[in-house]
Amino acid sequence: MLDLMSFKNEILTTAIVLVVIVGLNSLSKRAIRRFGRTSSIDINSRKIIFYLSNLFFYGVGIILITLIWGVNLQEFSVFISSVLAIVGIGFVAQWSILSNLTASVILFFSHPLRLGDRIRVLDSDFDWTGKVEDISGFYLFMRTDDGRRITIPTNLVIQKGIEILQPDEPETPTDKIETK
């Protein structure tokens, strides 16, 4: 028969870690929600950041709990490095997925682009000027001035750059500027 009193310290420490992790996760969600509201970011865009926050905090919690319960650190590090190697190979195979998710996070936190903005994607091959309708985890959805609805991968938005236009500002193509 297993005596629970012999694991009193582990149970107490596990409970404290769980409470701290859930509390920190809740605080981070509240901060993300507040930042999203003040920056006029759509709830669908915030969901990506919520998922990443959950992944981070609960991942740290699982690691801490396994260490509390006496898992051998050397064996655990071999297991984690094996899992990370497999995940890394998967991400390299699907590089666009990782780059699009990273670009979405960058657009969420540090780019002045907002829903409803009129933008021009700075690309010499395509003329993409229109209004931003949505930004998801992988794509920027835009309604062009001629009425087409196009989707642009978020990593292209970061790579190509964009110009935020005033709502009533006419388009002035850069390739038609004459040099004297």
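Basis of the calculations
- Residues numbered from 1 in each chain as written.
- Predicted model: local features only at pLDDT ≥ 70, side-chain atom pairs only at ≥ 80, totals over all residues.
- Heavy atoms only, no water.
- Helix = DSSP H or I, 4+ residues; strand = E, 2+ residues; numbered from the N terminus.
- Buried < 20%, exposed > 50% of the residue type's maximum accessible area, 1.4 Å probe, protein only.
- Expected span 1.5 Å × (residues − 1).
- Patch = residues over 30% accessible without salt bridge, like charges linked within 9 Å, V, L, I, M, F, W, Y side chains within 5 Å.
- Areas by Shrake-Rupley, 256 points an atom, 1.4 Å probe, with all protein chains shown as cover.
- Salt bridge = Lys/Arg side-chain N within 4 Å of Asp/Glu carboxyl O.
- Lys, Arg positive; Asp, Glu negative; His and termini not counted.
- Charge placed at Lys NZ, Arg CZ, Asp CG, Glu CD.
- Contact = heavy atoms within 4.5 Å.
- Pairing = 2+ DSSP bridges.
- Phe/Tyr/Trp six-rings, centres within 6.5 Å; stacked < 30°, edge-to-face > 60°.

> Would you mind showing me how to read the overall build of the protein here?
Counting its regular elements, the protein contains five helices and five strands. Reading the helices (α) and strands (β) of the protein from amino to carboxyl end gives α-α-α-α-β-β-β-β-α-β. Residues classed as buried in the protein amount to 28% of the 180 residues present.

> How should I be thinking about helix 2 (residues 43-68) in this particular structure?
In this model helix 2 runs 37 Å from its N-terminal to its C-terminal C-alpha over 26 residues, within 8% of the 38 Å that 1.5 Å per residue would give. Within the sequence span of helix 2, burial applies to Ser45, Arg46, Ile48, Ile49, Phe50, Ser53, Phe57 and Gly61. Note on helix 2: the residue one or two positions beyond its end, Gly70, has a positive phi of about 85°.

> What am I meant to see in a positive patch on the surface here?
On the surface, Arg30, Arg33, Arg34 and Arg37 cluster together into a patch of positive charge. Here Arg34 is to be found in helix 1 (residues 8-38). By relative accessible area, which is 55% here, Arg34 ends up exposed.

> I keep staring at the side chain of Arg114 and nothing clicks. Help me out?
Here Arg114 lies in the loop between helix 4 (95-110) and strand 1 (118-121). Here Arg114 occupies a buried position and makes no salt bridge, while the nearest side chain of opposite charge, Asp117, is found at 6.4 Å. Contacts of Arg114, omitting those with residues within four sequence positions, involve Ser39, Ser40, Ile41, Leu107, Phe108 and Val132.

> Would you take a moment to explain the pairing of strand 2 (residues 128-135) for this structure?
Working note: regular strand, side chains alternate between the two faces of the sheet. In terms of burial, strand 2 is largely enclosed, as six of its eight residues are buried. Following strand 1, the chain reverses through six residues before pairing antiparallel with strand 2. In this structure, strand 2 lies alongside strand 3 (residues 139-144), joined through five bridges in antiparallel fashion. By the bridge assignment, Asp134 is partnered in strand 3 with Phe141. Remark: three residues form the turn of the hairpin made by strand 2 and strand 3, two consecutive strands paired antiparallel.

> Would you mind going over the packing of aromatic side chains with me for this structure?
Pairs of aromatic rings are described using the distance from one ring centre to the other and the angle between the two planes. Tallied over the entire structure, the rule returns three aromatic pairs. A ring pair is formed by Phe7 and Trp69, whose centres lie 5.7 Å apart and whose planes are at 40°; its orientation type is tilted. Within this pair, whereas Phe7 is found in the segment before helix 1, its partner Trp69 is found in the loop between helix 2 and helix 3 (73-93), the two being separated by 62 residues in sequence. Looking at Trp69, the relative accessible area reads 39%, which means it is partly exposed.

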